[in-house]
Amino acid sequence: ATGGGPSLSLQQFGFRPSIFTRKGGRLVLNGRRLLFQPELAAASRLDACECAARALRLALALDEAEPLSSPRLVAFLDAASSLKAVRLDGLDEEQKLAFFLNVYHTMIQHAYSLLGPPSSLLKAISFFNTIAYQVGGDVFTLAELEHNVLRAPSCRPKSFFSKWVLPKSSYSFALTTADYRLNFALSCGSASGLATVPVYQPTLLGAQLDAVASAFLARTVAVSCRSGGGGGGGGDAAVALTLPKLFQWYARDFGSGKHAMEGAAVAMEFLRGPERELLRSRLAQEQKPDLEIRYAPFSFACSRLIELEVGRESSGRRISGGGPGG
């Protein structure tokens, strides 16, 4: 961070304790305060979901160059430290999903404020496998939180590098129920997705996940007509559908993983207006749909996160398993 006087620095707010070091080491960011037994006992009685929500709200309220003397910065760092002692053993699946999504986005915002976002694929690999938090008596990096906690019941990405760069840690508090909307909810601020995130609440989780999915797909999906159509659509023009790269990486989250049309059907459910109707007409064709599916490249240009306000009515929809029919 630059400008506006002294701001966060790695030397002051990050540390590499040897007891948390594995391959490549970890940089634990939420260590401003050491919690001794009385504080640990008090923090363990706090509501875990409320602690994570408060930490994220405070993180999202920080300016890009927050002065060290700022009460907001001190309040955020204390809130992040309190996550070290929360109890996770009594959380149900929806509470865990809300809790860990908020922790993930808090870590992203914290790391970007301290170090700035990664600017390339290689830097991103190091970044996500190094930035860490101590939470509930355990420690995880951003990559471990995403792939070994939040995505633990979901598929691994279909990419050449994933088997070598993704961690293989296991955690007792990992989620056990898959939800494909997680693909749209996790945000690192990439230009290929949303830089806006809600503060997730267990009681509003269904509505929040649906709102984020709709916003994400409205921004990243393109549906257009092109000349030269034929096939099952008669004289209608063929349709070109561009999906974000994650539909290719995590194809088995949306169905069997063998047919691109499965991802198209998921995208259609969250689109609105003419694009939705155009896509629906092609997917309804009895013969091979006159639909060309492409995948947009992923951008590693990332920015800080911004809070997204969503409606307060819960849809109650929760998709379990590999896809809409899972």
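Residues numbered from 1 in each chain as written. Predicted model: local features only at pLDDT ≥ 70, side-chain atom pairs only at ≥ 80, totals over all residues. Heavy atoms only, no water.

A. Summary view of the environment of L217. Tracing the backbone shows L217 in helix α10 (residues 205-220). Distance from L217 to A267, taken between C-alpha atoms, is 6.7 Å for residues 50 residues apart in sequence. Filtering out sequence-adjacent residues up to four positions away, L217 remains in contact with F184, F247, A267, F270 and L271. (Helix = DSSP H or I, 4+ residues; strand = E, 2+ residues; numbered from the N terminus. Contact = heavy atoms within 4.5 Å.)

B. Region of interest: the layout of surface pockets. Estimates place the volume of the largest pocket at around 980 Å³. Where the lining of the largest pocket is concerned, the elements lending two or more residues are α6 (121-128), α7 (142-150), α8 (162-165), α9 (182-185), β4 (196-197), α10 and α11 (246-249). (1 Å grid on protein atoms, 1.4 Å probe; cavity = no way out; pocket = protein on both sides within 12 Å on 5 of 7 lines; lining within 4 Å. Points joined across faces, edges and corners; volume = space filled by probe spheres on them.)

C. View of the nonpolar core. Formed by 86 residues in total, the largest nonpolar core has its most connected members in F99, V103, Y133, F140, L150 and F184. Element by element, the count of residues in this core is highest for helix α5 (residues 93-115), at twelve residues. Non-local contacts of F99, meaning those with residues more than four positions away in its chain, are made with A48, C49, A52, L83, V86, L88, L91 and V135. (Core = buried A, V, L, I, M, F, W, Y, C linked by side-chain atoms within 4.5 Å. Buried < 20%, exposed > 50% of the residue type's maximum accessible area, 1.4 Å probe, protein only.)

D. Representation of the side chain of S187. By the secondary structure assignment, S187 is in the loop between α9 and β4. Those residues in contact with S187, other than ones at most four positions away along the chain, are Y104, H105, I108, L194, A195, V197 and L305.

E. Just the pairing of strand β3 (residues 138-141), in detail. Across four bridges, the pairing between strand β2 (residues 131-135) and β3 is antiparallel. Residue pairing in the sheet places Y133 in a bridge with F140 of β3. Turn length for the β2-β3 hairpin, with the two strands adjacent in sequence and antiparallel, is two residues, and the turn residue G136 shows positive phi of about 55 degrees. (Pairing = 2+ DSSP bridges.)

F. Local environment of the packing of aromatic side chains. Scanning the entire structure with this criterion turns up 18 aromatic pairs. Aromatic pair F140 and Y171: ring centres 6.0 Å apart, planes at 85 degrees, arrangement edge-to-face. Taken as a pair, F140 in strand β3 and Y171 in the loop between α8 and α9 lie far apart in primary sequence, 31 residues in all. A relative accessible area of 8% means that Y171 is categorised as buried. A connected cluster of aromatic rings, assembled from ring pairs, spans Y180, F184, F216, F247, F254 and F270. Directly above the ring of Y250 sits R151, whose terminal nitrogen or CZ lies 3.7 Å from the centroid. (Phe/Tyr/Trp six-rings, centres within 6.5 Å; stacked < 30°, edge-to-face > 60°. Lys NZ or Arg CZ within 6 Å of the ring centre and 35° of its normal.)

G. Just the sheet that holds strand β5 (residues 222-226), in detail. The mixed open sheet is built from three strands, whose spatial order is β5-β6-β7. Of all the strands in the sheet, just β5 and β7 (291-295) have a single pairing partner and so form its edges. Pairwise comparison of adjacent strand axes, ignoring direction, gives a mean angle of 20 degrees for this sheet. The sheet contacts of helix α13 (residues 273-283) involve β5, β6 (238-243) and β7, and relative to β5 the element is tilted by about 65 degrees. (Axes fitted to C-alpha atoms, helices over the stretch in contact; angles between N-to-C directions.)

H. The environment of Y112, seen in detail. As for its position among the elements, Y112 is in helix α5. Y112 sits 190 residues away from C302 along the chain, and the two C-alpha atoms are 9.2 Å apart.

I. Summary view of the pattern of salt bridges. Tallied over the full model, the rule gives ten salt bridges. For R72, the salt bridge is made with E66, and the minimal N-O distance between the two is 3.1 Å. What makes E66 buried here is its relative accessible area of 3%. Of the charged contacts in the structure, one is a salt bridge between K96 and E93, with a shortest N-O distance of 3.3 Å. Remark: E93 and K96 occur in helix α5; sequence separation between them is three residues, near one turn of the helix. Each member of the salt-bridge network shares a partner with another, and the members are D63, E66 and R72. (Salt bridge = Lys/Arg side-chain N within 4 Å of Asp/Glu carboxyl O.)

J. Just the sheet that holds strand β1 (residues 27-28), in detail. Judged by pairing direction, the sheet is mixed, and its three strands sit side by side in the order β1-β2-β3 without closing on themselves. Whereas interior strands pair on both sides, the edge strands pair on one side only; in this sheet they are β1 and β3. Alignment of β1 against β2, held across two bridges, turns out to be parallel. Bridged to V28 within β2 is A132. Relative to the sheet, α5 contacts β1, β2 and β3, its axis offset from that of β2 by approximately 135 degrees.

K. Summary view of the side chain of E66. As for its position among the elements, E66 is in the loop between α3 (48-61) and α4 (71-82). Of the polar contacts made by the side chain of E66, one reaches the backbone nitrogen of D63; its length is 2.6 Å. A polar contact is formed between the side chain of E66 and the side chain of S70, at a distance of 2.6 Å. (Polar contact = N/O pair within 3.5 Å; in protein donor to acceptor, adjacent residues only side chain to side chain.)

Function cannot be read off these values alone, since they describe shape.
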